[in-house]
Amino acid sequence: MKTLEIKSLIGEYSFSELSEIEQRLVDHAKSATQRAYAPFSKYQVGAALLLDNGRIVEGSNQENAAYPSGLCAERTAAFYASSANPGVAFRKIAIAAWIKPGENENFEDGFQRNPVSPCGGCRQALLEYEHLYGDIEVILYGGDKIYKLPSIKSLLPLAFTEF
C-alpha cells in the first residue's frame, strides 16, 4: 500500500490585507447576498467573479420549493458570466454568506464569521471554467478571517477532469 498526501495552500487574511480589487470583489459578493432568494434555508450566499476584461459579475443563491431545482450563488454567477461574456476568462471569485442577524451565533452582523466554501457541484462547475481559461483565484469571506486559495483545483484536488 502507498499513502499519498494532498495539500492545499490557503492564505488567511484580514479585509485590509486584500488588494483594492479583491476588497471590491468581496464587497460585491457581500452585496449579492441581499439578492438571494432563500425562503427555505434562510442562508443567503453571494458570489462575485472578476473577469479577464475587468468586469465584475455577481450571483446569489436561488432556492425553489421543487428542491433541488434551485441554484447556488457560484454557479448563478458563473453561468451568467459565461453566457453574457463568451470566451472571457474568470480570474477571481469571492464568496460570502449572510443570515438574518441574531438567528445564528456563527454569524456576526449577518455575515458568516468563518469563511464560506462552495459545495462540490459548484467546485466542479468552476473547475471546468478553470480548465478552459486557467487558474481562478478563490476568496472565501468570513467576518473573522478571509481565506485565499490560488485556484479552484485547490478546493477539489482529486477533480474529475477527463471530459
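In what follows, the accompanying structure is described.

What counts and how
- Residues numbered from 1 in each chain as written.
- Predicted model: local features only at pLDDT ≥ 70, side-chain atom pairs only at ≥ 80, totals over all residues.
- Heavy atoms only, no water.
- Helix = DSSP H or I, 4+ residues; strand = E, 2+ residues; numbered from the N terminus.
- Polar contact = N/O pair within 3.5 Å; in protein donor to acceptor, adjacent residues only side chain to side chain.
- Contact = heavy atoms within 4.5 Å.
- Salt bridge = Lys/Arg side-chain N within 4 Å of Asp/Glu carboxyl O.
- Buried < 20%, exposed > 50% of the residue type's maximum accessible area, 1.4 Å probe, protein only.
- Core = buried A, V, L, I, M, F, W, Y, C linked by side-chain atoms within 4.5 Å.
- Axes fitted to C-alpha atoms, helices over the stretch in contact; angles between N-to-C directions.
- Parallel < 35°, antiparallel > 145°, perpendicular 65-115°, else oblique.
- Left-handed = near helix turned anticlockwise from the far one by under 90°.
- Nonpolar A, V, L, I, M, F, W, Y, C, P; charged D, E, K, R; others polar.
- Phe/Tyr/Trp six-rings, centres within 6.5 Å; stacked < 30°, edge-to-face > 60°.
- Lys NZ or Arg CZ within 6 Å of the ring centre and 35° of its normal.

This part covers the side chain of Lys92. Here Lys92 lies in strand β4 (residues 90–98). Only 3.0 Å separates the side chain of Lys92 from the side chain of Glu22, close enough to count as a polar contact. If sequence neighbours within four positions are ignored, Lys92 has contacts with Glu22, Leu25, Ala48, Leu49, Leu50, Ile136 and Glu137.

One pass over the full model with this rule turns up 10 salt bridges. Among the salt bridges present, the one from Glu5 reaches Lys7, with a minimum N-O distance of 3.6 Å. The exposure class assigned to Lys7 is exposed, which follows from its relative accessible area of 66%. Measuring nitrogen to oxygen at the nearest pair gives 3.9 Å for the salt bridge that ties Glu130 to Lys153. Here Lys153 lies in the segment after β8 (146–149) and Glu130 lies in helix α3 (residues 120–133), a separation of 23 residues in the sequence.

This part covers the nonpolar core. With 25 residues, the main nonpolar core has Leu49, Leu51, Phe90, Ile93, Ile95, Val138 and Ile152 as its most contacted residues. If you list the elements that add at least two residues to this core, you get β2 (44–51), α2 (73–84), β4, α3 and β7 (137–141). Ignoring any residue separated from it by four or fewer positions in sequence, one finds Phe90 in contact with Leu49, Leu50, Leu51, Ala78, Ala81, Ser82, Tyr129, Tyr133, Asp135 and Ile136. If you look at the next biggest cluster of nonpolar residues, it comprises 14 residues, including Val26, Ala48, Leu50 and Ile146.

The next thing to look at is the packing of α2 against α3. In helix packing, the relevant descriptors are the interaxial angle and the interaxial distance, both defined with respect to the helix axes. In contact at an axis separation of 9 Å, α2 and α3 are set at 25° when each is read in the N-to-C sense. Relative to α3, the element α2 lies roughly parallel. Handedness of the α2/α3 crossing: left-handed. Listed contacts from α3 to Glu74, Arg75, Ala78, Phe79 and Ser82 of α2 are Gly121, Cys122, Ala125, Leu126 and Tyr129. Tallied by class, residues from the contact of α2 with α3 come to 6 nonpolar, 2 polar and 2 charged.

Applying the stated criterion across every chain yields a total of 2 aromatic pairs. For the ring pair Phe90 and Tyr129, a centre distance of 4.7 Å and an interplane angle of 35° mean the geometry is tilted. Highlighted residues: Phe90 in strand β4 and Tyr129 in helix α3, separated in sequence by 39 residues. Relative accessible area serves as the criterion here: at 13%, Tyr129 is assigned to the buried category. Aromatic side chains Phe111 and Tyr141 sit 6.0 Å apart centroid to centroid with 90° between the ring planes, which places their arrangement in the edge-to-face category. Here Tyr141 lies in strand β7 and Phe111 lies in strand β6 (residues 111–112), a separation of 30 residues in the sequence. Relative accessible area serves as the criterion here: at 14%, Phe111 is assigned to the buried category. Owing to a relative accessible area of 10%, Tyr141 belongs among the buried residues under this scheme. When the ring centre of Phe111 is taken as origin, the NZ or CZ atom of Lys30, which lies over that ring, is 4.9 Å away. Lying across the ring of Tyr13, Lys148 places its NZ or CZ 4.5 Å from the centre.

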